[in-house]
Amino acid sequence: MDAQLQQISSKPNSEQPAAYQSLIDATASAQDAAGMRTILERLLSDAVPQAASRAAAAHFAQAIQAKMTSDATTDLLTWSLEQIKRQAQSFEACDATLRQALFARLVDAGDYREAALVLGGTNVENSARQYSAAEKATLYVTVAETFLEEDESVDAEAYVSRASGLMRDVSSSENWALHLRYRVTLARTLDARRKFLDAAMRYYELSRADDAKIDREELTTLLAKAVTCALLGNAGPQRSRILTLLYKDERLDDLERSADFAGHARVLKRTVTGQLVRTRDTAQFMASLMPHQTALLADGLTIPEAAMIQHNLVAVAHIYCNISVEHCAQLLDVAPGRVEATAAKMIAAGRLAASLDQVDGVLHFHATQDALDSFDESIKALCLGVNACYEHAEQLAA
């Protein structure tokens, strides 16, 4: 190998790039990782004119990507990036191709976090080459998607934010797939960051897409994800609005007939109609949750447990003017201390119109509407309940 490299160096500068490329192709085809290392060391040395070394280094990266399949290729790519790092600005094309090749191999190996870090290191902002907004956004969305495979939501959010600033400059007609990927990744990131109500709206907007290229089953899955996130969100006016929006969606019946998402629809209906939601009602829904959606909170409750207790407290507030903490705990099937702590947090956050008498252990609920509005809400709840009963009877008859 040294003799061949020495022979190329003795040629005129104009002939050297082609000679290096021929040697690189032969070495890569032979799966000779050691020979490829020797070639790169030569190209990065002062013995090779920079014009020849840049072209040859770019071809070096392309040859590894296209021709090398041995087990030693991943180590070769990692080593090559380390060597290039010191002169990355001079060998940008080589660096970018090496990162793409190593990214693909790491993804295939299931090492998603390292793959995302490798691809995220590509210089697209200060490169001598002018990357388009679509190219930059594609890279950032890909990195975010890869981070999410490892539930690295903080890093994913950073790259989604970078993509957000570029999407307005990306044509939606020419790059509709990229726009769709970005919107899905944004929703997944909000979901992973436990910003459930924001995620619910993003998922719902995606589920309403009328593009014929999107499969109907995928739209149903997105609707189910919207329901999931809405149910996991903190009780309050925003959650109520989103749940009502989902409840009124004409596809909810399809969701209820689905084997995978029937539990979502049932829990949604009980929630919107102001009914208490008990553990037995949420079994199928809970089984479908992702690990980050069942995480343990600081108070010892999982996210869905906390969400259901908060909802049930709001439901109780629609029925009672006041109730003892002990009685409320029996209704909710939780410890009295849990009811008191959750109610106190909700009151402090303005998500429950009530006051807590800790001396007597009584929750006093405050009216948030005038008499007429309250009557209207009661009639609405009754009509929703009757409608739910009718639909259930109709299904049984079918």
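For the structure, check the block above.
The paragraphs below set out a description of the structure included in this document.

Take helix H13 (residues 237–247) next. Residues lying three or four places apart along an α-helix face the same way, a consequence of the helix completing one turn every 3.6 residues. Taken as a whole, H13 has its buried residues at Arg239, Ile242, Leu243, Leu246 and Tyr247. Projected down its long axis, H13 shows its buried positions confined to an angular sector of 140°, all on one face. Of the residues in H13, the exposed ones pointing more than 90 degrees away from the buried face are Pro237 and Arg241.

Among the nonpolar cores identified, the biggest contains 101 residues, and Ile24, Met36, Ile39, Ile64, Leu98, Leu246 and Leu255 are the most heavily contacted of them. Among residues more than four places away in sequence, those in contact with Ile24 are Met36, Ile39, Leu43, Ala56, His59, Phe60 and Ala63. Ala235, Ala306, Leu332 and Leu352 belong to the second largest nonpolar core, which has 20 residues in total.

Pairing geometry for strand E1 (residues 322–324) and strand E3 (residues 362–365), over three bridges, is antiparallel. What sits directly across from Asn322, in E3, is His364. Relative to E3, strand E2 (residues 354–357) runs antiparallel, the two sharing four bridges. Note on E3: the bridge partner recorded for Ala354 is Phe365. Hairpin connection from E2 to E3: four residues lie between these consecutive antiparallel strands, with Gly361 at a positive phi of about 65°.

Inspection of the entire model under this criterion finds two aromatic pairs. Here Tyr140 and Tyr159 contribute two aromatic rings whose centre-to-centre distance is 6.0 Å and whose plane-to-plane angle is 50°, an arrangement assigned as tilted. Taken as a pair, Tyr140 in helix H8 (residues 133–149) and Tyr159 in helix H9 (residues 153–167) lie far apart in primary sequence, 19 residues in all. Neither Tyr140 nor Tyr159 differs from the other in exposure class; each is buried. Taking the ring centre of Tyr131 as reference, the NZ or CZ of Arg129 above it sits at 4.2 Å. For Arg162, the ring lying beneath its charged end belongs to Tyr159, and the centroid distance is 4.5 Å.

The rules behind each value
- Residues numbered from 1 in each chain as written.
- Predicted model: local features only at pLDDT ≥ 70, side-chain atom pairs only at ≥ 80, totals over all residues.
- Heavy atoms only, no water.
- Buried < 20%, exposed > 50% of the residue type's maximum accessible area, 1.4 Å probe, protein only.
- Helix = DSSP H or I, 4+ residues; strand = E, 2+ residues; numbered from the N terminus.
- Arc of directions from axis to C-beta.
- Core = buried A, V, L, I, M, F, W, Y, C linked by side-chain atoms within 4.5 Å.
- Contact = heavy atoms within 4.5 Å.
- Pairing = 2+ DSSP bridges.
- Phe/Tyr/Trp six-rings, centres within 6.5 Å; stacked < 30°, edge-to-face > 60°.
- Lys NZ or Arg CZ within 6 Å of the ring centre and 35° of its normal.

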